[in-house]
Amino acid sequence: MTSRTSIHLTINGHDHELEVEPRVTLLDALRDHLGLTGTKKGCDQGQCGACTVHVDGQRVLACLTLAAQAQGRSITTIEGLAEQDGTLHAVQAAFLEQDAFQCGYCTPGQIMSAVACIREGHAGSDDEIREYMAGNLCRCGAYPHIVAAVRQAAMEAAS
Amino acid sequence: MRDFSYLRADTADAARQAGALPGAMLLAGGTTLIDLAKCGVAEPETVVDISHLKGLDGISVDGAGATIGALAKMSHVADHADIKSRFPAVSEALWQAASAQLRNMATIGGNLMQRTRCPYFRDPANFPACNKRSPGSGCSAIGGVTRGHAVLGTSEACIATYPGDLTVALVAFDATVHLGERQLAVDDFFLLPGATPEREHAIEPGEMITAISIPASAAARRSTYLKVRDRQSYEFAAASAAVGIEFEADGRTIRDLRVALGGVATKPWRARAVEEALKGKLLEPDAVRRASLLAVEGAVDHGANHYKIELAPRVVARAILKIGETA
Ligand code: FES
Ligand code: FES
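Here the structure is a predicted model, which is why all the values come from computation and not from measurement.

As for helix α1 (residues 26-33) of chain A
Here is step 1 of the chain: Taken together, the buried positions of α1 of chain A are L26, L27, D28, A29 and L30 of chain A.
Here is step 2 of the chain: In the segment just after α1 of chain A, G35 of chain A is the residue with positive phi, at about 70°.

Some thoughts on the sheet that holds strand β11 (residues 254-262) of chain B
Residue and element names in this part refer to chain B.
Here is step 1 of the chain: Spatially, β9-β10-β11-β12 is the arrangement adopted by the four strands of the open sheet, whose pairing is antiparallel. The open sheet has two edge strands, β9 (223-228) and β12 (269-270), and neither has a second partner.
Here is step 2 of the chain: Relative to strand β10 (residues 239-247), β9 is paired through six bridges, and the arrangement is antiparallel. Within β10, the position partnered with T224 by the bridge is V243.

Comments concerning the confidence of the model for chain B
Here is step 1 of the chain: A residue-level look at chain B finds 99% of positions with pLDDT of 70 or above and a mean pLDDT of 97.
Here is step 2 of the chain: Both scores are available for the predicted complex, with the pTM at 0.97 and the ipTM at 0.97.

Let's talk about the domain arrangement of chain A
All names here are of chain A.
Here is step 1 of the chain: Each assigned domain of chain A is listed here: domain 1 (5-80) and domain 2 (90-158).
Here is step 2 of the chain: If you average the C-alpha positions of domain 1 and of domain 2, the two centres end up 21 Å apart.
Here is step 3 of the chain: Opposite the 15 residues of domain 1 that make contact, domain 2 presents 17 residues.
Here is step 4 of the chain: When domain 1 packs against domain 2, the two sides together hide about 1300 Å² of surface, and 53% of this comes from carbon and sulfur.
Here is step 5 of the chain: Counting the surface domain 1 buries against domain 2, the share from its top three residues, H54, R59 and I78, is 47%.
Here is step 6 of the chain: For the interface between domain 1 and domain 2, the tally reads one salt bridge.
Here is step 7 of the chain: Taking the shortest distance from any N to any O, the salt bridge between E120 and R59 comes out at 2.8 Å.
Here is step 8 of the chain: The interface formed by domain 1 and domain 2 includes 10 residue pairs in polar contact (both at pLDDT 80 or more).
Here is step 9 of the chain: In terms of residue class, the side of domain 1 that touches domain 2 is built from three nonpolar, nine polar and three charged.

Quick look at the interface of chain A and chain B
Here is step 1 of the chain: The interface is formed by 35 residues belonging to chain A together with 34 residues belonging to chain B.
Here is step 2 of the chain: The contact between chain A and chain B buries some 2800 Å² in all, and 52% of this surface belongs to carbon and sulfur atoms.
Here is step 3 of the chain: Where chain A touches chain B, the interface holds two salt bridges.
Here is step 4 of the chain: Residue R23 of chain A is joined to D3 of chain B by a salt bridge in which the shortest nitrogen-to-oxygen separation is 3.8 Å.
Here is step 5 of the chain: Applying the counting criterion to the chain A and chain B interface returns 17 residue pairs in polar contact (both at pLDDT 80 or more).
Here is step 6 of the chain: Residue classes in the side of chain A that touches chain B are distributed as 12 nonpolar, 16 polar and seven charged.

A short note on the nonpolar core
Here is step 1 of the chain: Counting residues in each nonpolar core, the largest one holds 69 residues, and the members touching the most others are F95 and V150 of chain A together with I108, F189 and I214 of chain B.
Here is step 2 of the chain: With residues near it in sequence (within four places) discarded, I214 of chain B still touches A64, G65, A66, I68, F87, V90, L170, F173 and A175 of chain B.

Criteria and cut-off values
- Residues numbered from 1 in each chain as written.
- Chains lettered and ligands numbered in written order.
- Predicted model: local features only at pLDDT ≥ 70, side-chain atom pairs only at ≥ 80, totals over all residues.
- Heavy atoms only, no water.
- Buried < 20%, exposed > 50% of the residue type's maximum accessible area, 1.4 Å probe, protein only.
- Helix = DSSP H or I, 4+ residues; strand = E, 2+ residues; numbered from the N terminus.
- Pairing = 2+ DSSP bridges.
- pLDDT = per-residue confidence, 0-100.
- Domains from an automatic or database assignment.
- Contact = heavy atoms within 4.5 Å.
- Buried area = accessible area lost by both parts, 1.4 Å probe.
- Salt bridge = Lys/Arg side-chain N within 4 Å of Asp/Glu carboxyl O.
- Polar contact = N/O pair within 3.5 Å; in protein donor to acceptor, adjacent residues only side chain to side chain.
- Nonpolar A, V, L, I, M, F, W, Y, C, P; charged D, E, K, R; others polar.
- Core = buried A, V, L, I, M, F, W, Y, C linked by side-chain atoms within 4.5 Å.

Below you can see the structure in the form of structure tokens.
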């Protein structure tokens, strides 16, 4: 049974039509069908956070979301964070300044998660940042710098 | 992941009808179903997406208790001001479950349908024997690596641990599952494995969880959820306890006590023997520790999970003392 279904996705404010098998996840739709490879595939099983995107403003895992399920929702990926003119989002800038990555593979997920974490009001202390960023694993162990970057961006957002 | 057909339900009735067809499974947050489909454990022919249904995600709290729609997200319930103040154990259990991303996806109804994390259950390619997956095929866990397996409620057919947190609090505070018109106690919704470990929930094809309700009580208001695990966050419980307490007017004699365990049993585990042993008694550390040993009455270990039999009573005692001593 190889059925196909046509779906309509709104990603970073742009509309996309695509034909996919119903089992295709949002993560595979982004990466393989739309060429938006900023969102990373780590475990593909909901365990690492590399695939974190925002759906209707909430951080979720694209590897456990069906593309078909995301129809009618508004999706934001790492490609949609910076301004049109290339000015980085405050969290992206903070990650650069704090050197909050090594290989960079977990970074898009970390940044998408951090943007939401700050917006949720869960970045009030280093302990709180660690707790609410726990769903994003970093194989390189860049955690101290990631916490520093989230703290910096949270302080900027508060001031 | 095997391919399936996708159907988006517009009404609850349509969802129930479609869900009753052979090979159909309901999809809400996806954190269990899509995960298990990828593992090759779930093989739906039709996925019925109920995540767009309207009107099933409300949270209302009044003097009688809380009613939570089946499609409410874990994060929203955890963050709800009245849930936090009147059912702190429920909010704390939700906060300590999974990760922020998963809590934003997973629904309350879906949470009740969460499956075990038994690594043998999750790996059909390497471990064909699993009575939960293929009734009668045997249990790969018995005689295998059992550090995470259950010590309470097990059978010769299955020792898989029930992994959830929320339902431990729900069982402690006598919550009810609503399947449309039909209602049953959360404790009865979860089935012991016995000889039929493939059957985990008292739900029939064509039924759908629509809500849960939790009656208000003084014990629920003064409650906590204590979760002990191998790492501090984003981990399943080695042992956990939902505890609520109500004192007599003297502020020291226990009038009502609720105790339920997670991470050690095959279903969310109400520890009534501990409750009965302490009701009417003064809150006194030695008595609490002694009574807490009753939490693991009848426990059976399978080697590497023996530590849970020692750990669980300590978690219970610590939770009771913590909540009892904070005035
Ligand atoms: S790729 Fe989605 S959580 Fe790891
Ligand atoms: S920077 Fe390499 S995994 Fe995080």
